[in-house]
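Survey of secondary and tertiary structure
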Amino acid sequence: MTSSHSADPSNAGQDLFKGIAKKKTAKRGKQEVRPQIQVGEYGRYLIKSGLLAGRFVARAFPKPPTTARGLIAEASGPTEDAAIIALHDMIDARENHRAEIRRTDSLTGKAVPSVEEFVEAIGQVTLTLPQRVMLAALSQAGAEGMTEAHMAHAGSYKSEASAKRSLASAGQSMAAYLASGTISSGKITGSDGILFLGFRDAPRGDEGTERWILHPEMRDAVEAAL
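Below you will find a few notes about this structure. Here the structure is a predicted model, which is why all the values come from computation and not from measurement.

**Let's talk about the overall build of the chain**
- Check the secondary structure of the chain and you find seven helices and twelve strands.
- Counting over 226 residues, the chain shows a buried share of 42%.
- Counting only contacts in the chain whose residues sit at least 6 apart along the sequence, the fraction spanning at least 24 positions is 54%.
- Here the chain has roughly 12200 Å² of accessible surface; of this, 52% comes from carbon and sulfur atoms.

As structure tokens, this is what we get:
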């Protein structure tokens, strides 16, 4: 029977396959010699599998290129293929659970990823320096948010339209990454990229202009990851 278990927190930052040579598949006579470590992909994760300390183990890691490191999940089984299948099942369960616990925003009606998901997305997507600065400024603004003019100034954009397009692009990139797993949540396009990260509030006082506010989960993620 295939057995699986969550990654040991003590090994969370380690690749325990590191140091085990990866060999190209070769043939000796009629017998095929398999690599000591098999490397593959599943959704947005890099999968490494092989015989480790007398047992077949499969482990999922963030897929390059990424600034994120560490073990995502681990499974074992009586054969290498069984371990890989068990790991795929574990990743699917993880993706489904994440989707189930997402909060629904009362203003937009859209599902909001958790802090953990946003942190992972920030670590995986490529953000420009102006985008990072603008997201950091929006995070620091908290529930007060920022006008588009203030967003443009924070990110050194030439116009409010440029700042808005840039924020939408950042949201689209993160949404695309989170939808690239084994459980797709649909494609985010256009201005919906901003609504993936936050929402627009009504004008305050005599400002006459609306403010953009990051979701609390996104604010916490930006603080943790940027």
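Moving on from the model shown.
**Overview of the packing of aromatic side chains**
- One pass over the full model with this rule turns up one aromatic pair.
- Arranged with centres 5.7 Å apart and planes meeting at 75°, the rings of F118 and F196 form a pair that is edge-to-face. Of this pair, F118 sits in helix α2 (residues 115-124) while F196 sits in helix α6 (residues 192-197); the two residues are 78 residues apart in sequence, bridging distant segments of the chain.
- Sitting over the face of the ring of Y177, R44 holds its NZ or CZ atom 5.0 Å from the ring centroid.
- Over the ring of F61 we find K48, and its NZ or CZ is 5.5 Å from the ring centre.

**Topic: the nonpolar core**
- By size, the foremost hydrophobic cluster in this structure holds 30 residues, and its most contacted members are L135, M151, L167, M174, L197 and M218.
- Mapped onto this core, the elements with two or more residues apiece are α2, α3 (129-141), α4 (148-154), α5 (160-178), α6, β12 (211-214) and α7 (216-225).
- Counting residues per element, this core draws most heavily on α5, at eight residues.
- Core analysis: the second largest hydrophobic core is formed by 13 residues, A60, A73, A75 and A86 among them.

**Section: the environment of E210**
- Among the secondary structure elements, E210 is positioned in the loop between β11 (198-201) and β12.
- With relative accessibility at 35%, the residue E210 sits in the partly exposed group.
- Linking E210 and T147, residues 63 residues apart in sequence, is a C-alpha distance of 6.1 Å.
- Sequence-distant contacts of E210, that is, excluding residues within four places in its chain, are made with M146, T147, E148, R200, D201, A202 and P203.
- At 3.2 Å, the side chain of E210 and the side chain of R200 are in polar contact.

**Considerations on the sheet that holds strand β10 (residues 146-147)**
- Here three strands make up an open sheet; going across it, the order is β10-β12-β11 and the pairing antiparallel. Of all the strands in the sheet, the pair left with one neighbour each is β10 and β11.
- Summarising the sheet, β11 and β12 pair through four bridges and their orientation is antiparallel. Residue pairing in the sheet places F199 in a bridge with I213 of β12.

**Topic: the pattern of salt bridges**
- Following the criterion strictly, the structure yields 13 salt bridges and no others.
- Across the pair E120 and R98 runs a salt bridge, and its minimum N-O distance is 2.9 Å. Of this pair, E120 sits in helix α2 while R98 sits in helix α1 (residues 80-101); the two residues are 22 residues apart in sequence, bridging distant segments of the chain. Each member of the pair, E120 as well as R98, carries the same accessibility label: buried.

**Overview of the environment of R200**
- Relative to the assigned elements, R200 resides in strand β11.
- Accessibility expressed as a relative area gives 41% for R200, which makes it partly exposed.
- When near neighbours in sequence (up to four residues on either side) are disregarded, R200 contacts K164, E210, R211 and W212.

**Digging into α3**
- Between its first and last C-alpha atoms α3 spans 18 Å; for 13 residues at 1.5 Å apiece the expected length is 18 Å, and the two agree.
- Burial in α3 covers these residues: Q131, M134, L135, A137, L138 and S139.
- On the buried face of α3, the contacting elements are β10, α4, α5, α6, β12 and α7.
- Phi for G142, located one or two positions after α3, is positive at around 60°.

What counts, and at which threshold
- Residues numbered from 1 in each chain as written.
- Predicted model: local features only at pLDDT ≥ 70, side-chain atom pairs only at ≥ 80, totals over all residues.
- Heavy atoms only, no water.
- Helix = DSSP H or I, 4+ residues; strand = E, 2+ residues; numbered from the N terminus.
- Buried < 20%, exposed > 50% of the residue type's maximum accessible area, 1.4 Å probe, protein only.
- Contact = heavy atoms within 4.5 Å.
- Areas by Shrake-Rupley, 256 points an atom, 1.4 Å probe, with all protein chains shown as cover.
- Phe/Tyr/Trp six-rings, centres within 6.5 Å; stacked < 30°, edge-to-face > 60°.
- Lys NZ or Arg CZ within 6 Å of the ring centre and 35° of its normal.
- Core = buried A, V, L, I, M, F, W, Y, C linked by side-chain atoms within 4.5 Å.
- Polar contact = N/O pair within 3.5 Å; in protein donor to acceptor, adjacent residues only side chain to side chain.
- Pairing = 2+ DSSP bridges.
- Salt bridge = Lys/Arg side-chain N within 4 Å of Asp/Glu carboxyl O.
- Expected span 1.5 Å × (residues − 1).

Limitation: the analysis is restricted to geometry and does not speak to function.
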